[in-house]
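The primary structure of each chain is shown beneath.
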Amino acid sequence: MARSIAYVSPSQLISINRSTRVAIVDVRDDERSYDAHIAGSHHFASDSFSKRMPELLEAVKGKDTLVFHCALSQVRGPTCARTFANYLSEIKGDAGINKIMVLDHGFNGWHASGRPVCRCTDIPCKGETL
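What you see is a predicted model, and the numbers here were worked out from it, not measured in a lab.

Here is what the cut-offs are and how they apply
Residues numbered from 1 in each chain as written. Predicted model: local features only at pLDDT ≥ 70, side-chain atom pairs only at ≥ 80, totals over all residues. Heavy atoms only, no water. Helix = DSSP H or I, 4+ residues; strand = E, 2+ residues; numbered from the N terminus. Rg over C-alpha atoms; globule rule 2.2 N^0.38 Å. Buried < 20%, exposed > 50% of the residue type's maximum accessible area, 1.4 Å probe, protein only. Contact = heavy atoms within 4.5 Å. Areas by Shrake-Rupley, 256 points an atom, 1.4 Å probe, with all protein chains shown as cover. Lys, Arg positive; Asp, Glu negative; His and termini not counted. Charge placed at Lys NZ, Arg CZ, Asp CG, Glu CD. Pairing = 2+ DSSP bridges. Axes fitted to C-alpha atoms, helices over the stretch in contact; angles between N-to-C directions. 1 Å grid on protein atoms, 1.4 Å probe; cavity = no way out; pocket = protein on both sides within 12 Å on 5 of 7 lines; lining within 4 Å. Points joined across faces, edges and corners; volume = space filled by probe spheres on them. Disulfide = S-S within 2.5 Å. Salt bridge = Lys/Arg side-chain N within 4 Å of Asp/Glu carboxyl O.

(A) Expanded view of the overall build of the protein. A count of helical and extended segments in the protein gives five helices and five strands. Going residue by residue from the N terminus, the α and β elements of the protein occur as β-α-β-α-β-α-β-α-β-α. Scaling as 2.2 N^0.38, a compact globule of 130 residues should have a C-alpha radius of gyration of about 14 Å, and the protein matches this with 13 Å. Projected onto its principal axes, the C-alpha positions of the protein cover 40 × 30 × 25 Å. Burial analysis of the protein (130 residues in total) assigns 44% to the buried set. Summarising the internal contacts of the protein: among those between residues at least 6 apart in sequence, 70% fall at separations of at least 24. Surface accessibility of the protein: about 7000 Å² in total, with carbon and sulfur atoms responsible for 50%. With 16 positive and 14 negative side-chain charges, the protein shows a separation of 5 Å between the mean positions of the two kinds.

Written out as structure tokens, the structure is:
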């Protein structure tokens, strides 16, 4: 069964994060290291994303909603979200992921709207999530 991909605004993301188990997946490449990131997000760069999908599945165990983003969420974020949705359809077993979303306007929109960012260099980010 094909999964649908929905877009979520920064305000909606903060709201749903209070009531669901959300994992934020940052698929930006090098810009994450100098442009900050959303606290608590997982970094799976788009250039190696396909090879690392099993690792992502393990990293988000226990989460039921994944929110992907890149800088603007126009290409890399939506592409990785769709790629991961297809991967979930192909694997056997229930991963427990009910929703796959893309952050509207990406990290740049998040940051421009005054939302908090983290500048740590920890992998994975240990910053306090939304």
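(B) Up close: the sheet that holds strand E5 (residues 99-103). Strand order across the open sheet formed by five strands is E1-E5-E4-E2-E3, with parallel pairing between neighbours. With one partner strand each, in any of the chains shown, strand E1 (5-8) and strand E3 (42-43) form the two edges of the open sheet. Across two bridges, the pairing between strand E2 (residues 22-26) and E3 is parallel. What sits directly across from Val 25, in E3, is His 42. In this fold helix H4 (residues 76-90) packs onto E1, strand E4 (65-69) and E5, with an angle of close to 170° to the strand it touches most, E5.

(C) Structural view of the layout of surface pockets. Put simply, the largest pocket is a space of about 220 Å³. Forming the boundary of the largest pocket are 19 residues, of which Arg 32, Ser 33, His 37, Cys 120 and Thr 121 lie nearest the centre. Where the lining of the largest pocket is concerned, the elements lending two or more residues are helix H2 (31-35) and E3. Among the elements that take part in the lining of the largest pocket, H2 stands out by supplying four residues, more than any other.

(D) Region of interest: the state of the cysteines. Throughout the structure, instances matching the rule amount to zero disulfides. Free of any disulfide, Cys 70 has its nearest cysteine sulfur in Cys 80, 8.0 Å distant.

(E) Main features of the pairing of E4. Most of E4 sits inside the fold, with five of its five residues counted as buried. The alternating pattern of E4 places Thr 65, Val 67 and His 69 on one face and Leu 66 and Phe 68 on the opposite face, and all of these are buried. Of the pairings in the sheet, the one linking E2 to E4 comprises five bridges and is parallel in character. Its bridge partner lying in E4, Val 22 is registered against Thr 65.

(F) Local environment of the pattern of salt bridges. Overall, the coordinates contain six salt bridges when judged by the stated rule. In this structure, the salt-bridge partner of Arg 28 is Asp 35, at a minimum N-O distance of 3.7 Å. By relative accessible area, Asp 35 is classed as partly exposed at 27%. Among the salt bridges present, the one from Asp 29 reaches Arg 76, with a minimum N-O distance of 3.4 Å.

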